[in-house]
Amino acid sequence: MHEQSSPRNFEDDVLPHLDGAYNLARWLTRNDQDAEDVVQEASLRALRFLGGFRGDNARAWFLKIVRNSYLTRLQEKQGAPPTTPFDEPIHSPEQSSNPETVLLQKADSESVSQALEKLPAKFREVFVLREMEGLSYKEIAYVVGIRIGTVMSSLARARERLRQSLSHPSHSDGLSRSASP
């Protein structure tokens, strides 16, 4: 059995991953307040069970707790997740002096956010973990509890649906309902 050379430390193992945890929770819940609640619950669970964690990847472990906290919360509500639109601020690299460029960047970001909102939860979750949180396929498989092949196929389907939605915005509503997973 793998022995730890030093005891686990919440500040070192969990706190650095709060931003990623909130990002995942935000995309899962589609609501700022619910995301904060999920991260708070996950943090308490992580603190409670940190002594039992024996792995090397605290980030993936904590994101799995976030996901499980969300699923538990969803079961308790016995309903669908809220559909509050995601309102992510636009961050430009430098203050652009060209208003047209700023406007185009904002429109692009809003289009991507809307397209992500329309993805089925299982695709959105895998996409966020890979593209926004930078997790490996193996880490995503661990967090979501699916096989690596399923991660790859879900990611490919999510990317294709996003591509279709962004290239044909007027047909994206029908696409999310009529395309098979």
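Predicted model, so just to flag it, every value in this text is computed and none were measured.

What counts, and where the lines are drawn
- Residues numbered from 1 in each chain as written.
- Predicted model: local features only at pLDDT ≥ 70, side-chain atom pairs only at ≥ 80, totals over all residues.
- Heavy atoms only, no water.
- Axes fitted to C-alpha atoms, helices over the stretch in contact; angles between N-to-C directions.
- Helix = DSSP H or I, 4+ residues; strand = E, 2+ residues; numbered from the N terminus.
- Parallel < 35°, antiparallel > 145°, perpendicular 65-115°, else oblique.
- Contact = heavy atoms within 4.5 Å.
- Nonpolar A, V, L, I, M, F, W, Y, C, P; charged D, E, K, R; others polar.
- pLDDT = per-residue confidence, 0-100.
- Expected span 1.5 Å × (residues − 1).
- Buried < 20%, exposed > 50% of the residue type's maximum accessible area, 1.4 Å probe, protein only.
- Polar contact = N/O pair within 3.5 Å; in protein donor to acceptor, adjacent residues only side chain to side chain.

Colleague: Talk me through the packing of helix H6 (residues 121-132) against helix H8 (residues 148-167); I want residue IDs and the actual numbers.
Modeller: At a minimum axis distance of 9 Å, the contact between H6 and H8 shows a crossing angle of 95°. Between H6 and H8, the interaxial angle falls into the category roughly perpendicular. The residues of H8 that touch H6, namely those facing Phe123, Val126, Phe127, Arg130 and Glu131, are Val151, Ser154, Leu155, Arg157, Ala158, Arg159, Arg161 and Leu162. Across the contact of H6 with H8, the residue classes break down as 7 nonpolar, 1 polar and 5 charged.

Colleague: Just give me the short version of the confidence of the model for the chain, but keep the residues and values in it.
Modeller: Residues at a pLDDT of 70 or more form 71% of the chain, whose mean pLDDT is 78. Low confidence marks residues 1-5, where pLDDT is under 50. Its contacts with residues over four positions away, or in another chain, come to 5 contacts. Across residues 80-96 the pLDDT falls below 50, and counting only partners more than four positions away or on other chains, this stretch makes 27 contacts in the model.

Colleague: Please provide a residue-by-residue account of helix H3 (residues 32-49), values included.
Modeller: Between its first and last C-alpha, H3 extends 26 Å over 18 residues, near the 26 Å set by a 1.5 Å rise per residue. For H3, the full list of buried residues reads Asp34, Ala35, Val38, Val39, Ala42, Ser43 and Ala46. At its buried positions, H3 is contacted by helix H1 (10-13), helix H2 (18-29) and helix H4 (58-77). The backbone nitrogen of Gln33 lies 2.9 Å from a side-chain oxygen of the residue at the head of H3, namely Asn31.

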